[in-house]
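# Observations on the model geometry
What follows is each chain in one-letter form.
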Amino acid sequence: MTDFTANTHPQEAQFGDYVALLKPRVMSLVVFTALVGLLVAPVSVPPVVGFAAILFIALGGGASGALNMWYDADIDQVMKRTQGRPIPAGKVSPGEALSLGLWLSGFSVVMLGLAANWFAAAFLAFTIFFYVVIYTMWLKRWTPQNIVIGGAAGAFPPMIGWAVATGGVSIESILMFGLVFFWTPPHFWALALFMNADYDKARVPMLTVTHGRPYTRRMILIYALVLVPIALGLGLTAIGGPVYLAVALVLNAVFVAGAWAIWRRDDARAAADGYATEKKVFRFSLLYLFLHFGALLIETGLGQLNMGGW
Amino acid sequence: MPITETHEIHQRRFGRNLGVGLCLVAFVALSFFLTVSKLRNGGSIEGFDYQMRPSLTVEEGGQ
């Protein structure tokens, strides 16, 4: 039994470290939006199938998180926000993360195909490919538009949830995609305005560095404005209704007002109050997305009681 | 010969092994309930298996 001793590692990886490779916080957003996409669809899904589908979509998202951490280990080591991740912390080796990511990718896609349908499975496979290859390997270190295009990967889950139920794509699922897609850039750029020293050090091109902060502030406002017709338009489709539309009106008014306030400020003033407005808008953007999807869910619930929808 | 040797690694890896074990049990349970659900909802249970299956063919003039 002497060969066991060669295996002693100063910091033994625990089960939780492998879970951390799957980016559980990102996963929670994936689970929530995919679940809403599945539940608001006009075709009902047996509960066990729905549960399994959401689980495998989440696992697929987690797999892409592990592959992202494998590829980005060098960046993660430099940035303070990510230094505690399992690979830079020396708990899990890059090779382990790679193999966990690849195996989980294959497993989640095949299982989603068996549990739901192969269209949804192909969609999940494409999402993993998009996040790992298009975003992580190609765009992230090359263009400040990384956030914009990479956001598509995070926007696919509600479409996959919809595809699990209906086996296809429709205007409702495209608008749900649009909501997350156009929400991602202002959300991350607000974060970048008060966190960008990190990205600078890791040489990841962020808009704040490549195009300057005033430009970033303007882009936040533009994206917040683009979001308005998408969010309200979703309310006019079959899955919307008066409750959703009322919620969307309030949320978009507050979000545009916040983006406007960010645009009107310059960095001297922002630094003076510790980036209070930027932080507030960043926190509100989380609520913005959560409440939009929550309102869609409420409309479906009301629809069951013949009280929702148009 | 049964594995009777105890080693410190068994303790050190207990959490990991327990986690993997529970995941496998959960997967077995999920597969079982998924199968039950699929059968209950009357999905196509019969499939092509290299033998003539009259029940799988479409009747002439039928849909």
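Look up a bit, the structure's there.
So, here's what we can say about the structure.

Next up on the list: the environment of A165 of chain A. Structurally, the position occupied by A165 of chain A is in helix α7 (residues 146-166). C-alpha separation for the pair A165 of chain A and L39 of chain A, spaced 126 residues apart in sequence, amounts to 8.1 Å.

Below, the discussion takes up the interface of chain B and chain A. Taken together, the contacts link 12 residues of chain B with 11 residues of chain A. Going through the elements one at a time, α1 (8-12) and α2 (14-40) of chain B are the ones with two or more residues in the side of chain B that touches chain A. Among the elements that line the side of chain B that touches chain A, the one with the most residues is α2 of chain B, at 7 residues.

Compared with the 24 Å implied by 1.5 Å per residue over 17 residues, the 24 Å span of helix α2 (residues 24-40) of chain A between its first and last C-alpha is a close match. Among the residues of α2 of chain A, those classed as buried are V30, F32, T33, A34, L35, V36, G37, L38, L39 and V40 of chain A.

The next subject is the packing of helix α3 (residues 47-71) of chain A against α7 of chain A. Residue and element names in this part refer to chain A. Interhelical geometry of α3 versus α7 gives an angle of 150° and a closest axis separation of 11 Å. Regarding α3 and α7, the two cross each other, and that crossing is right-handed. Mapping the contact onto sequence places A53, I57 and G61 in α3 and P157, I160, G161 and V164 in α7. Among the residues forming the contact of α3 with α7, the class breakdown is 5 nonpolar, 2 polar and no charged.

All names here are of chain A. The backbone phi angle of R203 is positive, close to 60°, even though this residue is not glycine. Within the fold, R203 resides in the loop between α8 (171-202) and α9 (207-210). For R203, a count of 10 C-beta atoms within 10 Å corresponds to the exposed category. Positioned with a positive phi, N306 is a non-glycine residue whose angle comes to about 60°. Along the polypeptide, N306 turns up in the segment after α13 (276-304). The exposure class assigned to N306 is exposed, which follows from the 7 C-beta atoms found within 10 Å.

The rules behind these values
Residues numbered from 1 in each chain as written. Chains lettered and ligands numbered in written order. Predicted model: local features only at pLDDT ≥ 70, side-chain atom pairs only at ≥ 80, totals over all residues. Helix = DSSP H or I, 4+ residues; strand = E, 2+ residues; numbered from the N terminus. Contact = placed C-beta atoms within 7 Å. Expected span 1.5 Å × (residues − 1). Buried ≥ 20, exposed ≤ 12 C-beta atoms within 10 Å, placed from the backbone. Axes fitted to C-alpha atoms, helices over the stretch in contact; angles between N-to-C directions. Left-handed = near helix turned anticlockwise from the far one by under 90°. Nonpolar A, V, L, I, M, F, W, Y, C, P; charged D, E, K, R; others polar.

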